[in-house]
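Listed here are the chains, written in short residue letters.
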Amino acid sequence: MTETLIPMIGVITDIRLDTPDVKTFRVVGRDGKKCFSHLPGQCAMLSVPGIGEAMFSITSSPTNKDYMEFSIKKCGCLTDWLHAMEVGQEILIRGPYGNHFPVESELKQKNLLFIAGGIGLAPLRSVINYCRDNRNDYGVLDIVYGSRSKDDLVDYREILEEWTADERTRVHLTIDRPQDGWDGHVGFVPDFVRELAFDTDKTVLLCGPPIMIKFTLQKLLEMGFAKTQIYTTMELRMKCGVGKCGRCNIGSKYVCKDGPVFRFDELDELPDEY
Amino acid sequence: MQITKTIKKLVSEGKADRVFGWKKGELGFDTEPALFTEDFDSVVYNSLCGANLCKYMINETKKDGTVLLLLKPCDSRGLQLLTKEHRVRREKIYALGVPCRGKIDVDKISDKGIKGMIDIQENGDTLTVVTLYGEQTVPRQDVLYEKCLSCVGKEHVGCDEVLSPELSEDTTVNDRFAGVTALEEKNPEARFAFWRSQLSKCIRCNACRNVCPACSCVKCIFDNPSSGMDSKANADDFEENLYHIIRSFHVCGRCTDCGECSRVCPEKIPLHLLNRKYIKDIHKLYGDGDEAALLTFTKDDAEPSVVYERGEGHA
Amino acid sequence: MRKLSSDRMSELFERLDSLCPLYLPGEKDGAVSFVRYEQGVDYAVGALNTVRSAKDFFFPQVENIAAFRMTGKKIEILENQNGNEPFVVFGVRACDAASFSLLDQVFLSEPVDPYYRDRREAGTVITVACGEPDTSCFCTAFGIDPAEPKGDISVWLTDGFLYWQPRTDKGENLTENLTDILEECDGGEIKSYQDTIKTIANQLPLANLNLSYWENTDEKEIFASPVWDEIYKGCLGCGLCTFVCPTCQCYDVRDFDCGETVRKFRCWDSCMYSDFTRMAHGNPRKTQKERFRQRFMHKLKYFPENNGGLVSCVGCGRCVRSCPQGLNIVKTARRVSDD
């Protein structure tokens, strides 16, 4: 296998405004087919010539054989450009890169607890939908999702309409501050997780801003979860995607190649530089 | 050593709580810039202390306390510039001038075909170079840095104290502007070819910029993605030219001629000649006063048309 | 083994260059680098190492990967990597030759980097033993023998002769074309020359670099060493050491706007630069301390962990000679291990 760093052309076939600063883009190849197959948690490099290239997690589930989706928060040069784009625009795409959540091994038949903050839902959505599409392979799915406000909850409609429809899937939403028209939980994710008092018979998939991860991990450990039960997905600056350009390492591990999915006991072995 | 004594005295008097100086390097005869908070006996000052330490003060004076800074005469001009441009907190520095009789360029010793150096001993104007292949003697003057052969002067400026100024020695052998004059005498094509050839060696390591006391922008345009100018490689064969031309224009009128740019260049590009050309021109057009010529206006200033007049002379 | 009288070296260079483009160390405006051979170019026989390493041949500072043209919503991909013509590099030192094996670990491991691979296949490396190792050399600390350099062909330049030993098929094939000027000889003739090299190499001040602390200590423990808080202080944050280093292989992939098209190119990058790991929302390596630490942790700890114990340094001494502020890998390795 070789890596030429030369992307293929993807076409944006749909753009959905999920929150004031998050859009979900649907991408297919020029032939109308899915660009490549992937596994839950894997990433792809998206670029626009002359603007930039960056790694994004693939938000759609591998079980979707028709297209890929990327939920992208507007926060820099490239993402500004992507947000200004219209349907029909071509972009460049290469991948898939990185490892994936062990959906066919460690996670199988387990009760799963997904904990996401803000745009951190993007990589988990792929796993959640994968599990829903292979429902009999997994136990109870608990999804804790928090955001700054009601409007900042990504994929809110999908969550309400589809995820809650399954009785063995429980969705727990929270927002940081009280808001008109919100009768759900108010408070930060780490505390909410503690309040929900989950049994430790679950495997946890945790993703969100670094500070939320830090405090949620702390709470989970207090609740009796072991680090070997908790997975997360990391994000560092990347250029090549194949562990050669040398910038996304945490100690001796490359996030693009050895990650982005790590178990916390694995991260514990590495220097604290992320 | 007198420097050590002075340092200890100044620290004990509370004039400073730490020292930025040089210490012995890994090869035994080389030196490296270092910060000392104790063990002042390991401060080294000798003919191999070529590095100008003033730019470290940008970060150092953001911290608490006062730092005692060792400065050669040319370095002191750098500190003066950084002070004038408010890049350092001058009150957090105790500037101690140290004498200078020119610094040794180890590369020049190597260029003489001398390999395996393990020690350099100074005896007046002669160096004894001890190598694994035997001893050799070299006239000291032959192996001084280019910057020392056309030194801006042995007077310290703006120091709080100058140690043994009588030990400084003028090592200038060249007219300071001889290199510039030689280039001016070439025709434009030859001059262009000279710079194209020299600058094509550039590897864009940024050492010249990072060491330069006049390059003190918080965010250099060449590092700033929003500038549209950021680059870390020469994507086409004029980019390194552009980099050096822009950089030299930016330090024009501010360059202290400390020669660090040429000292640090791994490819031995005589970058100081670019800066020195501006200095020569500024002296000629605006006089050699202390004022930053390009930041000050007087009615006697050269008119922009001088460009055309001078250009014609060179056509 | 074969040999040639030293005064016929230019004849050899002419012959090599007639077979395929020949590069060798030559002086350009006061600095020695690998230059394309042509009549009038003198082989810098006395220079031990070029300013830039020989990695340029396989991993050039800048290389174009593709170009794109954008028209409305459409993008067109114009690939513009050219095929690689065979070439010969003469005068590579043992250290640089060893660096190729380290670069191979990165670029030829899965997924293979096709640009590097093609250049490796196209290039024939002729190494030259180091007659006079210099103060800054410490290749022997990594088991590299300056008297017995690797490569496709090894060469020894003694007082009167050039000795020539092919080591690979590529080297044998090249030698086939030169049998008329390279006469066969007994290898015993270079023995005393090699012995002298070894004697000097063992006395070099940095050759006793001992990395057992780095081998035997946990990466988190080395990472947390208080030495890092001090040792970086002289570092200017320039990329000099990285760019002259034969084993530094980090790269950036960037776009260059050519007006009508956008060119995607790959270029060397430096972990010493502040933007190396900067992201839209922050930078995990905020100060020069973290960047400085990364460079040496990578070479001395992370790389060995990922590559069967191989240290990413070949002791060429370029950082020792070139760092404007006298910092280098030996100093760092020793101070961190309190050696």
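About the thresholds
- Residues numbered from 1 in each chain as written.
- Chains lettered and ligands numbered in written order.
- Predicted model: local features only at pLDDT ≥ 70, side-chain atom pairs only at ≥ 80, totals over all residues.
- Heavy atoms only, no water.
- 1 Å grid on protein atoms, 1.4 Å probe; cavity = no way out; pocket = protein on both sides within 12 Å on 5 of 7 lines; lining within 4 Å.
- Points joined across faces, edges and corners; volume = space filled by probe spheres on them.
- Helix = DSSP H or I, 4+ residues; strand = E, 2+ residues; numbered from the N terminus.
- Nonpolar A, V, L, I, M, F, W, Y, C, P; charged D, E, K, R; others polar.
- Pairing = 2+ DSSP bridges.
- Axes fitted to C-alpha atoms, helices over the stretch in contact; angles between N-to-C directions.
- Buried < 20%, exposed > 50% of the residue type's maximum accessible area, 1.4 Å probe, protein only.
- Contact = heavy atoms within 4.5 Å.
- Domains from an automatic or database assignment.
- Buried area = accessible area lost by both parts, 1.4 Å probe.
- Salt bridge = Lys/Arg side-chain N within 4 Å of Asp/Glu carboxyl O.
- Polar contact = N/O pair within 3.5 Å; in protein donor to acceptor, adjacent residues only side chain to side chain.

Q: Break down empty space enclosed by the protein for me, citing the residues and quoting the values.
A: Residue and element names in this part refer to chain C. Applying the stated criterion to the full structure yields 10 cavities of 30 Å³ or more. Considering only enclosed or pocket space, the largest cavity measures out at about 140 Å³ in volume. Lining the largest cavity we find 17 residues, and of these Cys 235, Cys 241, Met 272, Cys 323 and Leu 327 sit closest to its centre. Elements represented by at least two residues in the lining of the largest cavity include exactly α9 (240-244) and α10 (288-306). Of the residues forming the lining of the largest cavity, the biggest block, three residues, is contributed by α10. Looking at the lining of the largest cavity residue by residue, the class counts come to 12 nonpolar, four polar and one charged.

Q: Mind laying out the sheet that holds strand β11 (residues 251-257) of chain C, listing which residues take part and the relevant values?
A: Residue and element names in this part refer to chain C. The four strands are arranged β5-β4-β12-β11 in an open sheet whose pairing can be described as antiparallel. This sheet does not close on itself; its edge strands, each paired only once, are β5 (74-79) and β11. Between one strand axis and the next, the sheet turns by 25 degrees as a mean value, whatever way the strands run. In this structure, strand β4 (residues 62-71) lies alongside β5, joined through six bridges in antiparallel fashion. Along β5, the bridge assignment pairs Ala 67 with Leu 78.

Q: Just give me the short version of the side chain of A:Gln229, but keep the residues and values in it.
A: Residue and element names in this part refer to chain A. Within the fold, Gln 229 resides in the loop between α5 (210-222) and β12 (230-233). Note on Gln 229: relative accessible area 18%, which makes it buried. Setting aside its immediate chain neighbours within four residues, Gln 229 contacts Thr 200, Lys 202, Thr 203, Val 204 and Gly 224.

Q: Before we move on, could you go through the domain arrangement of chain C and cite the residues and values that matter?
A: Residues and elements named next belong to chain C. The domain architecture assigned to chain C consists of domain 1 (2-202) and domain 2 (212-338). Each of domain 1 and domain 2 has a C-alpha centre, and the two are 25 Å apart. Opposite the 38 residues of domain 1 that make contact, domain 2 presents 34 residues. Of the roughly 3,200 Å² buried between domain 1 and domain 2, counting both surfaces, carbon and sulfur atoms make up 60%. Taken together, the connections running from domain 1 to domain 2 amount to three salt bridges. The interface formed by domain 1 and domain 2 holds 20 residue pairs in polar contact (both at pLDDT 80 or more) in total. Element by element, the count of residues in the side of domain 1 that touches domain 2 is highest for helix α2 (residues 94-107), at nine residues. Residues belonging to the side of domain 1 that touches domain 2 are distributed by class as follows: 22 nonpolar, nine polar and seven charged.

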